[in-house]
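What follows is each chain in one-letter form.
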Amino acid sequence: MPDIVITEFMDASSVERLTSRFDTLYDPGLVDRPEAIPALLTDARALVVRNRTRVTDAVLAAAPGLRIVGRLGVGLDNIDVAAARNRGVPVVPATGANDDSVAEYVIAMTLHLLRGAYTASAEVAAGKWPRTRLIGREVSGKTLGLVGFGAIARKTAVLARALGMTVAAFDPYVPADDSVWQSGAVRHSTIDGLLGASDVVSLHVPLTDGTHHLINAAALAAMRSDAVLINAARGGAVDEPALANALKERRLAGAALDVFEVEPLTAAAGAVFDGCPNLVLTPHIAGVTDESNSRVGAVIADAVLAALQEKRT
Ligand SMILES: NC(=O)c1ccc[n+]([C@@H]2O[C@H](COP(=O)([O-])OP(=O)(O)OC[C@H]3O[C@@H](n4cnc5c(N)ncnc54)[C@H](O)[C@@H]3O)[C@@H](O)[C@H]2O)c1
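Residues numbered from 1 in each chain as written. Predicted model: local features only at pLDDT ≥ 70, side-chain atom pairs only at ≥ 80, totals over all residues. Heavy atoms only, no water.

Applying the stated criterion across every chain yields a total of 12 salt bridges. Two residues, D3 and R45, come together in a salt bridge whose shortest N-O distance is 3.6 Å. Taken together, the positions of D3 in the segment before β1 (4-6) and R45 in the loop between α2 (37-40) and β3 (46-49) put the pair 42 residues apart, joining distant regions of the chain. On the basis of relative accessible area, R45 is assigned to the partly exposed category, the value being 22%. Residue R251 is joined to E249 by a salt bridge in which the shortest nitrogen-to-oxygen separation is 2.8 Å. Under the relative-accessibility criterion, R251 is labelled partly exposed at 35%. Through salt bridges with shared partners, a single network forms among R137, D199, R224 and D226. (Salt bridge = Lys/Arg side-chain N within 4 Å of Asp/Glu carboxyl O. Helix = DSSP H or I, 4+ residues; strand = E, 2+ residues; numbered from the N terminus. Buried < 20%, exposed > 50% of the residue type's maximum accessible area, 1.4 Å probe, protein only.)

Right, here's the structure in full:
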């Protein structure tokens, strides 16, 4: 039975670092066969997952020798962190390793949603010339409103400023005297204040009881009808039917969603978005690039090797 079990995809060089030192089972298909996982953990000292493997107390109970759960990413919604703590098993995320990827995604979606000129390839190739319809907006001079002003939001703010955007943020947990506000971000003390002042609203909060459906019908009503919404944080933060209605009724000018209440999004759950104008859907990929994949893998491989090489007292 393996020392290390990896249930979702990990970059090749990090997998190689682990397999060369320890008996390692790398099976990225295991995430879709969760019933097979507990039996593989009998001797495991490290379990490495991404965001879809559910690490429940029952899974942890199947791995009495576990020394670490490595998370190839940052959000910990799929891991019962309290159960791991009770069992003395540290949960280690790859904090910071994919911040740049997400920040670039948000900027790309900002440019795409406001400009609207990048979707006409088929028409242009077919000899049509839809110039008038494709006249869009610049991002320079617009306001980017960040809901949550943590690590990724701050990286996004730097890129947005370079494009001439004004940056504003709502994060009640970052006090008004925190030096981060000296970067020039306008601090809003209410979310409605931020929503009403922003051309682009981008979410950067964890999923908690306090952020579940943070963007609901009332919040969407507080946004301007020419504004756009980007969610590359967690799906549950947006009420999807309310967003779809706002788009269809042109009470909002566009949206990009990388994350969903149900992941992977099913055809049934995705049907709510049928007919929504100026909507981009991506499969929870904002944080995953070649570069971030290598960084995330390296951080978790380092943590796993350190945990397994550590002498136990
Ligand atoms: N789509 C992807 O591929 C991807 C990749 C990485 C991270 N993420 C997600 O992005 C989000 C942000 O990640 P991060 O690393 O910047 O996290 P972070 O912990 O650095 O920042 C989160 C911020 O949200 C704030 N916050 C919490 N509750 C709030 C509320 N009710 N209203 C306003 N602010 C609130 C916190 O104070 C904190 O400053 C997380 O949900 C994470 O899971 C997604």
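Moving on, there is more to tell.
We now examine the packing of helix α5 (residues 99-115) against helix α7 (residues 151-162). The geometry of α5 relative to α7 is characterised by a closest axis approach of 8 Å and an angle of 50° between their N-to-C directions. For the element pair α5 / α7, the angle class is oblique. Of the two elements, α5 crosses α7, and the hand of that crossing is right-handed. Of the residues in α7, those in contact with D99, D100, V102, A103, E104, V106 and I107 of α5 are A151, I152, K155, T156, L159 and A160. Here the residues of the contact of α5 with α7 are counted per class, giving 8 nonpolar, 1 polar and 4 charged. (Axes fitted to C-alpha atoms, helices over the stretch in contact; angles between N-to-C directions. Parallel < 35°, antiparallel > 145°, perpendicular 65-115°, else oblique. Left-handed = near helix turned anticlockwise from the far one by under 90°. Contact = heavy atoms within 4.5 Å. Nonpolar A, V, L, I, M, F, W, Y, C, P; charged D, E, K, R; others polar.)

A few words on the site of the ligand. Close contacts around the ligand come from 25 residues, with A151, D171, V205, D258 and G287 the closest. A151 places a main-chain nitrogen or oxygen 2.9 Å from an oxygen atom of the ligand. Between an oxygen atom of the ligand and a side-chain N or O atom of D171, the distance comes to 2.6 Å. For the ligand, whose unbound accessible area comes to 870 Å², protein coverage reaches 83%. The residue makeup of the shell around the ligand, split by class, is 14 nonpolar, 8 polar and 3 charged. (Near = heavy atom within 4 Å. Polar contact = N/O pair within 3.5 Å; in protein donor to acceptor, adjacent residues only side chain to side chain. Areas by Shrake-Rupley, 256 points an atom, 1.4 Å probe, with all protein chains shown as cover.)

Residues L203, I215, L220, L229 and L243 are the most contacted members of the largest nonpolar core, which totals 30 residues. Elements with a minimum of two residues in this core: β7 (166-170), α8 (191-197), β9 (200-203), α9 (217-222), α10 (240-248) and β11 (254-257). In terms of residue count, α10 provides more of this core than any other element does, 5 residues in total. If we skip the residues at most four places from it in the chain, L229 touches L113, V201, L203, I215, L220, M223, V238, L243, L252, G254, A255 and A256. Counting 29 residues, the second largest nonpolar core, distinct from the first, contains V102, V106, I107 and V228. (Core = buried A, V, L, I, M, F, W, Y, C linked by side-chain atoms within 4.5 Å.)

A few words on the domain arrangement of the chain. Partitioning the chain into structural domains gives domain 1 (4-97 + 291-309) and domain 2 (99-281). If you average the C-alpha positions of domain 1 and of domain 2, the two centres end up 32 Å apart. On the domain 2 side, the residues contacting the 9 residues of domain 1 number 7 residues. Both sides together, the interface formed by domain 1 and domain 2 hides about 550 Å², and carbon and sulfur atoms give 35% of it. Taken as a group, R52, D77 and G96 account for 53% of the area that domain 1 buries against domain 2, more than any other trio of residues on that side. Connecting domain 1 to domain 2 are 1 salt bridge. (Domains from an automatic or database assignment. Buried area = accessible area lost by both parts, 1.4 Å probe.)

Another point: unusual backbone geometry. For the peptide bond that leads from E263 to P264, omega is -10°, which places it in the cis range. Note on placement: P264 falls in the loop between β11 and α11 (267-270). With a phi close to 60°, R250 is a non-glycine residue in the positive phi region. In this fold, R250 is placed in the loop between α10 and β11. The exposed category is assigned to R250, whose relative accessible area is 61%. Although it is not a glycine, N278 sits at a positive phi angle of roughly 50°. Relative to the elements of secondary structure, N278 occurs in the loop between α11 and β12 (279-281).

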